[in-house]
Amino acid sequence: MNFSEGSAEVEKKELPNKSLLLAACAACIGGTFQYGYNISVINAPTVYVQNFLNQTWRERYQTDVSPDFITLLWSIIVSMFTLGGFIGVTIGGTLSVKLGRKGTLLTNNIFALLAALLMGLSYPTGWFELLIVGRLLTGINAGIAICVQPLYLGEIAPTAFRGAMGMGTSIFITGGILTGQVVGLKELLGREEYWPILLSTTCIPAILQLLILPWFPESPRYLLIDKGDSEGCKKALKQLHGVADCDGEREDIEKEKNNLVGVQARKPWQLLSDGSVRGQLITIILLNAAQQLNGINAIYFYADYVFKQSGIPVDKIPYVTVGTGACECITALTCGMLIECLGRKVLITGGYTLMSICCVLFTITLSYQNASPVVPYLSMACVFAFILSFGLGPGGVTNILTTELFTQTSRPAAYMIAGSVNWFSFFFIGLLFPFIVIGLQQYCFLVFLVICSLVVVYICLVVPETKNKTFLEIQNEFQSSNGSKVSSTDGAGTTLLSTTSI
């Protein structure tokens, strides 16, 4: 009897509270799910929207327009998402301090709802300009979400589940990409007459979040450290972690609060000028830049060519593309299950190492594509292997490290810096990548090989393992390389040095 009770207690502690999981899902469905969904959903109606642009221009100005100008207009529509994302990430951190993490996520849905309305009205009104504004608003929504949602997840999660909860960001991004690919199939909303509805479906995740997230509390760390609301923090911890498990997390938050007495939330420029966090800043800047510059976009660019060379009919390629999305989604889920066992450093280092190997193999197979009927299938295997490797580490762990390497007052500014680098890199690779491919052809993957290899070396030498460590312990590990420690004080004013043991 005692043995069974003990087993049940251990099993219970091995799983997060149900309320915590539901809060994470509520935050993600209107957060980074939107980011992934709006990246992929725009691909299906490309030809139909270009026809609409051509038709609208002809009706409005009674003149034909050149294909190059139509391509330019389409490029503007697509790239507005990146510009909006950059704007969103620069205001996301400030909003998260002013409105709270939960309050910002709820307010952010205004942009998604407005975008859905404008893009849905573009066809009946004949105003393609509404598509441009709509994509800008979806970008702002995505930029704020990818800045604030990981903050919320990292701050509501107990230390033991922080990595797994943080993987919600990656899981829902890949889930959004996969959903956009599926909904864009001809059997659903991928036909010409449905494209305005397809682009308007971005309102559905926003409505779901507005209905579900209000039932869950604000971040306990935000309530206690930023707002000084001790009672609200206690109530939030009980709802998210359960009555039995909230005391340990409360003590951890209290230690961090005492360590940050008199310290206000920092601005990005203050963080950039602070030498004590320079190591953490360099790390998140490099990792966020590498997340976009590691070749994942090149793999997707070459995927259609490889699939055609493998003998897959052109009309069946969208279904194989859905397979790549499913592949990335499954890998993110797998990473979520492994991250608390293997740790962050093992996964992200292993992911970049495997990507480096794939770059070499893919360069070889593309160079000898016509040498044998088997080679195109080897190229296709490289495509899936690269996507799996990306999802295994770099795709998910990068955002978690941005949360874990900073304490409460620095974290919003850190996400603004990391997000800005990420979106700028996204824009940079989108702008220059076609020219890189034209100039280097398949040898462009040697460039990505160098990037992935350098990131592996940097992580091995500089980045510590953060598994099962408090935020203060992680910061101490960085500080120890400079011969200093981050101290905290308890309620009586006694100085407490956070331990750095695992």
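Going by the structure above, here's the rest.
Everything numeric here is computed off the predicted structure, so don't read it as measured data. (Residues numbered from 1 in each chain as written. Predicted model: local features only at pLDDT ≥ 70, side-chain atom pairs only at ≥ 80, totals over all residues. Heavy atoms only, no water.)

Colleague: Describe the overall build of the chain, with residues and values.
Modeller: Counting its secondary structure elements, the chain contains 24 helices and two strands. For 502 residues, the compact-globule formula gives about 23 Å, and the C-alpha radius of gyration of the chain, at 24 Å, lands near that figure. Along the first, second and third principal axes, the C-alpha set of the chain runs to 80 × 55 × 55 Å. Counting every position in the chain, which comprises 502 residues, the buried fraction comes to 54%. In the chain, 81% of the contacts between residues at least 6 apart in sequence involve partners at least 24 apart. Carbon and sulfur atoms make up 67% of the accessible area of the chain, which totals about 21,400 Å². Side-chain charges in the chain split into 31 positive and 33 negative, and the spacing between the mean points of these groups amounts to 3 Å. (Helix = DSSP H or I, 4+ residues; strand = E, 2+ residues; numbered from the N terminus. Rg over C-alpha atoms; globule rule 2.2 N^0.38 Å. Buried < 20%, exposed > 50% of the residue type's maximum accessible area, 1.4 Å probe, protein only. Contact = heavy atoms within 4.5 Å. Areas by Shrake-Rupley, 256 points an atom, 1.4 Å probe, with all protein chains shown as cover. Lys, Arg positive; Asp, Glu negative; His and termini not counted. Charge placed at Lys NZ, Arg CZ, Asp CG, Glu CD.)

Colleague: Just give me the short version of the pattern of salt bridges, but keep the residues and values in it.
Modeller: Per the counting criterion, the structure on display carries eleven salt bridges. Arg-60 is the salt-bridge partner of Glu-129, the closest N and O atoms lying 2.8 Å from each other. Placement of Glu-129 in helix H7 (residues 129–156) and of Arg-60 in helix H4 (residues 46–61) is noted, with a sequence separation of 69 residues between them. With a shortest N-O distance of 3.3 Å, Glu-254 and Arg-250 are connected by a salt bridge. Placement of the pair is Glu-254 and Arg-250 together in helix H14 (residues 246–259), with a separation of four residues, close to one helical turn. Taking the relative accessible area as the measure of exposure, Glu-254 reaches 25% and is therefore partly exposed. Looking at Arg-250, the relative accessible area reads 19%, which means it is buried. Residues joined in a network through salt bridges with shared partners are Arg-162, Glu-340, Arg-344 and Glu-404. (Salt bridge = Lys/Arg side-chain N within 4 Å of Asp/Glu carboxyl O.)

By themselves these figures say nothing about function.
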